[in-house]
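Residue-level structure breakdown
Each chain is listed here by its residues.
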Amino acid sequence: MAQIYPNPNKVGSTISFTDGDFNSANFDNHGTLINNGSGTFTNKSGIISNTGKFSSIDMNSGITNKSGATISNSGHFKFYALDNYSIINNNSGGTISLYGGGSLICQLDQCVINNNSGATFTIAEDWVAGGDHGEFDINGILNNNLGGTFNNNGNVSTERGDTAAGVINNNGTFNNNARLYNYYSTLTNNGIVNNKGIVENDMNGKFVNNSGATLNNIQSAQSGAYSALNVKSSFENSGTINNNATININGAGFVSKAGGLLNNHAFIYSDGIENAGTIFNYATININGAGKGITNVGFLSNTGNLTNKDINSRILINAGSLINKGTITNNGLIDLLSGSSGPGSFSNEKGALLTGTGSTYGHIDNDGTINGGQSAGGYLIDGNLMHNAGGNKIIELGGRDDAERDRINTEHDFVDITGDLILDGGSLDVSLIDGFKLSAGDSFVIAKVDGDLSGEYDGLNEGDSVGRFKSDKGSPRDLFITYQGGDGNDIELYTKSLF
C-alpha cells in the first residue's frame, strides 16, 4: 500500500500498481500506468493527469476516485471497474473505455463526468455478441459536451431505487447501440442522439429534445437486432426526431412542442401524442384505444398509413391541420371541433384514402377516396362533406341489410353526413362483394344526409344507371341512382321492380 511514484511518470516508463496503492498528489502520467493483478487502486485526494496509458482491465481489479479527487485524461484510460465519487474530465484527444462486462458507477450527486470536445467515451468497448455487457450506473451527472462522442455498447442506467437519480446532458454526439434506461431522471439533448438499440424512458424519467437537437432512431443492421424508443413517461420534443425504427408510446407523455418536427419512416405505436409542431408520417402510425390518441394543434401530414385502431381511439385536431395523402383507417373518432383553441381542418387529398368504421366530427374536404367500412361498413361524418371534382367514393354491396345504420354490422357500405353534402362532381365506384347478386326492387341508402344535398357525381344525373351487375336471374341488372332517396335528400341506389 503506497503512493504511486515516480512523479511524473515519463514517456516510455511503466508504473505497475497493486492492491491498496493510491494517489494523494498531483500526479502526471505520460507513460504507462497499469494494474498488476487484482485489487483496488484509490485516487484519494489528488489529481491524476493522464496523457499516456492508464489501464486496469483485470476482472478482479478496480479503481476508486474519491470525493475531492480528479482524473483528467487526454490519453488512453481503460478499466474494468471504477467507482467515481468526484470528477472525471475526458479532454481533447482522450479516450476512456469501460471494458466489456465491467462496471462504472457514478456515485450520488458528487459524481461529475465531463466528456469534452474531441474526446471519446465508450461503454463496453470490447463487447461482442453473446458476451457480457458493461454497466454504467449514473447517479450523478454525465456531461457529453459539444464536440464530444459517447458510445454505449452496454447498459447505461440513471436509476437508483425510486428516487431522483442521475442526469445526462448531451451537447455532442451520443451513440446508443445497446440499452439506455432513463429512470427517475432527466436526459437533455442539445446535440445528436443516434439510437440503434433500446431507449427506455420510464419510471418518471424525462427526455427533453431541445430546439436545434436531433434524435435519430435507427434500425440496427445486426441480424435479429431490434431498435426502439419506448416512451412511458415525460418526453418533450422541440427539435427534430427522425424515426427509422420503432417508437412505442404508452401513456400521454409524448409532447412535440411548437417548432418540433417528427419524421416517421417506420413504425409508431401510440396511445398518447400531443403535437403543437409538425408530424410527417411516411410509413405507419397506429393509435391505440387505451390512451388519449393524438391531440394536434400543429400540422399532421400523412402520406403513409395512419390507423385509429378502435372505438376508443381519438385524433383531436385542435385548431390544427390534418392532411391525408396516404391512407387513414379510422375506426374511432377524428374530432375537428372539440378543441379549446377552435376548429381544425381535415383535407383528404388526391390519391389518398379514408376508410374505416369510425367517425369524423367536423368538416372534410375530399379530393381523394372515401371508402366507408372494411368490406362492408359505414362511416359517419358529423359535419359537412365537400366532395370535390377529383374525389372518389367507393361503395361495396354485400347485402341489403344496413343493420339500422350499424357501421360495423351493415352488409353494404354507406357514408352518413349529419350536415351538408356538396357534390362538386367526382366519381362513384360501385361493386358487389361476397357473392351478392341484385334482385328486382332492391334499394341501398348509401348516404343519409341530415342537412342539404347539392350537386351530383360526374356523369350520374338523377335516375342514371351506375352500372350493370350480376343478378339472381342470371342476366345482368341495372343499378340506378337517386339523389332524392330516403327522406327526400339522401343518395340511394336501386333496381327497378318487376311491376
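Above this text is the structure in question.
The following refers to the structure shown. Within each chain, residues carry numbers counting from 1 in the order of the written sequence. Reporting of local features is limited, given that this is a predicted model, to residues whose pLDDT is at least 70; pairs of side-chain atoms are given and counted only at 80 or more, and all residues count toward the totals for whole chains, interfaces and linings. Side-chain descriptors were evaluated using all non-hydrogen atoms of the structure, hydrogens and water having been removed beforehand.

1. A look at the overall build of the chain
To be explicit about the condition: Helix and strand assignments follow DSSP, with helices taken as H or I runs no shorter than four residues and strands as E runs no shorter than two, numbered in order from the N terminus. C-alpha atoms define the radius of gyration in this analysis, and the globule rule sets the expected value at 2.2 Å times the number of residues to the power 0.38. With a 1.4 Å probe rolled over the protein chains alone, any residue whose accessible area is under 20% of its type maximum counts as buried; one over 50% counts as exposed, and the rest are partly exposed.
For the chain, the helix and strand inventory stands at zero helices and 59 strands. Against the globule reference of 23 Å for 499 residues, the chain gives a C-alpha radius of gyration of 32 Å, more extended than a compact globule. Its C-alpha atoms give the chain principal-axis dimensions of roughly 115 × 45 × 35 Å. Relative to its 499 residues, the chain shows a buried fraction of 54%.

2. With respect to the state of the cysteines
How we decide: Put simply, a disulfide is two cysteine sulfurs that come within 2.5 Å.
Per the stated rule, a full pass over the model turns up one disulfide. Between Cys-106 and Cys-111 runs a disulfide, and the two sulfur atoms are separated by 1.7 Å. Torsion about the S-S bond of the Cys-106 and Cys-111 cystine: about -100°, corresponding to left-handed handedness. The same class applies to Cys-106 and to Cys-111, which are both buried.

3. Topic: empty space enclosed by the protein
Which entries qualify depends on this criterion: Put plainly, a pocket is an open set of points on a 1 Å grid over the protein atoms alone with protein on both sides within 12 Å along at least five of seven lines, a cavity is a set where a 1.4 Å probe fits but cannot get out, and a lining residue has an atom within 4 Å of a point. Grid points are joined across faces, edges and corners, and a volume is the space filled by probe spheres set on the points. The residue classification treats Ala, Val, Leu, Ile, Met, Phe, Trp, Tyr, Cys and Pro as nonpolar and Asp, Glu, Lys and Arg as charged. All others, Gly included, are polar.
With the rule as written, the count across this model stands at one cavity of 30 Å³ or more. Space inside the largest cavity adds up to approximately 50 Å³. Lining the largest cavity, in full, are Ile-370, Leu-385, His-387, Lys-393, Val-415, Ile-417, Leu-421, Leu-423 and Tyr-457. Residue composition of the lining of the largest cavity, by class: seven nonpolar, one polar and one charged.

4. Thoughts on the pattern of salt bridges
Operational definition: Salt bridges are defined as contacts in which a side-chain nitrogen from Lys or Arg sits within 4 Å of a carboxyl oxygen from Asp or Glu.
With the rule as written, the count across this model stands at eight salt bridges. In this structure, Glu-236 and Lys-257 form a salt bridge, with 3.4 Å as the shortest nitrogen-oxygen distance. Placement of the pair is Glu-236 in strand 28 (residues 235–237) and Lys-257 in the loop between strand 31 (254–256) and strand 32 (261–264), with a sequence separation of 21 residues. On the basis of relative accessible area, Lys-257 is assigned to the partly exposed category, the value being 36%. Among the charged side chains, a salt-bridge network with shared partners connects Lys-206, Glu-236 and Lys-257.

5. Some points on the layout of surface pockets
Where empty space is left becomes clear once a probe the size of a water molecule has been rolled over the atoms. Size it by volume and the largest pocket reaches roughly 340 Å³. Along its surface, the largest pocket is lined by 17 residues, and Asn-177, Ala-178, Lys-196, Gln-222 and Ala-225 are the ones closest to its centre.

6. Regarding unusual backbone geometry
Outside of glycine, negative phi angles account for most residues, and trans bonds account for most peptide bonds. In this model, Tyr-5 is joined to Pro-6 through a cis peptide bond whose omega is 0°. Within the secondary structure layout, Pro-6 lies in the segment before strand 1 (14–17). The amide bond that connects Asn-7 to the next residue, Pro-8, takes the cis arrangement and shows omega of 5°. Topologically, Pro-8 is positioned in the segment before strand 1. Backbone geometry at Asn-204 places phi at a positive 65°, although glycine is not the residue there. Relative to the helices and strands, Asn-204 resides in the loop between strand 24 (198–202) and strand 25 (206–209). The phi angle at Glu-404 is positive, at roughly 55°, despite the residue not being glycine. Along the chain, Glu-404 turns up in the loop between strand 51 (392–397) and strand 52 (414–417). In this structure Glu-404 comes out as exposed when scored by relative accessible area, which is 77%.

7. Focus: the packing of aromatic side chains
Any aromatic ring pair is given by two values, namely how distant the centres are and how the planes are angled relative to each other. Condition: Only rings of Phe, Tyr and Trp enter the pairing, Trp through its six-membered ring, and a pair is recorded when the two centres are within 6.5 Å. The plane angle decides the type: under 30 degrees is stacked, over 60 is edge-to-face, the rest tilted. Lysine and arginine charges are scored as sitting over a ring when NZ or CZ, respectively, is within 6 Å of the ring centre and within 35 degrees of the ring normal.
Following the criterion strictly, the structure yields 19 aromatic pairs and no others. Between Phe-436 and Phe-444, the ring centres sit 6.1 Å apart and the planes meet at 90°, which makes this aromatic pair edge-to-face. Phe-444 matches Phe-436 in its accessibility class, with the two residues each being buried. Feature note: the residues Phe-17, Phe-41, Phe-54, Phe-77 and Phe-79 constitute an aromatic cluster, connected by ring pairs. The cationic tip of Lys-44 hangs over the ring face of Phe-22; the distance from NZ or CZ to the ring centre is 4.1 Å.

8. What to know about the pairing of strand 5 (residues 39–43)
The condition is simple: Strand pairing is assigned whenever DSSP identifies at least 2 bridges connecting the two strands.
Most of strand 5 is tucked away: four of the five residues are buried. Sheet topology note: the strand 2 (residues 22–23)/strand 5 ladder contains two bridges and is parallel. Counted as the bridge partner of Asn-23 is Asn-43 from strand 5. The sheet contact formed by strand 5 and strand 8 (residues 61–65) spans five bridges and is parallel. Along strand 8, the bridge assignment pairs Asn-43 with Asn-65.

9. Notes on the nonpolar core
Convention followed: Here, nonpolar core means buried Ala, Val, Leu, Ile, Met, Phe, Trp, Tyr and Cys residues that are tied together by side-chain atoms lying within 4.5 Å of each other.
The biggest cluster of nonpolar side chains holds 89 residues, and the ones touching the most others in it are Phe-136, Leu-428, Ile-491 and Leu-493. Sort the elements by how many residues they give to this core and strand 12 (residues 95–106) lands first, with four residues.

10. Details of the side chain of Asp-416
Worth spelling out the cut-off: Nitrogen and oxygen atoms within 3.5 Å of one another constitute a polar contact, given that in protein one can donate a hydrogen and the other can accept it, and given that sequence-neighbouring residues count only through two side-chain atoms. For this analysis, residues touch if any pair of their heavy atoms sits within 4.5 Å.
Structurally, Asp-416 can be placed in strand 52. At 2.6 Å, the side chain of Asp-416 forms a polar contact with the side chain of Arg-405. There is a polar contact of 3.0 Å between the side chain of Asp-416 and the backbone nitrogen of Lys-448. Apart from residues no more than four positions distant in its own chain, Asp-416 is found in contact with Tyr-379, Leu-380, Ile-381, Arg-405, Ala-447 and Lys-448.

11. Here we look at the environment of Gly-140
Of note, Gly-140 is situated in the loop between strand 15 (135–138) and strand 16 (141–144). With 55 residues separating them in the primary sequence, Gly-140 and Tyr-85 have C-alpha atoms 8.7 Å apart. If we skip the residues at most four places from it in the chain, Gly-140 touches Cys-106, Leu-108, Asp-109, Cys-111, Gly-166 and Val-167.

12. Comments concerning the sheet that holds strand 59 (residues 490–494)
Let me state the cut-off plainly: Each axis is a line fitted through C-alpha atoms, taken for helices only over the stretch in contact, and angles between the N-to-C directions span 0 to 180 degrees.
The strand order across the open sheet built from four strands is 55-59-58-57, with neighbouring strands paired in antiparallel fashion. Unpaired on one side and paired on the other, strand 55 (443–447) and strand 57 (465–469) mark the two borders of the sheet. The sheet shows a mean angle of 25° between the axes of neighbouring strands, taken without regard to direction.

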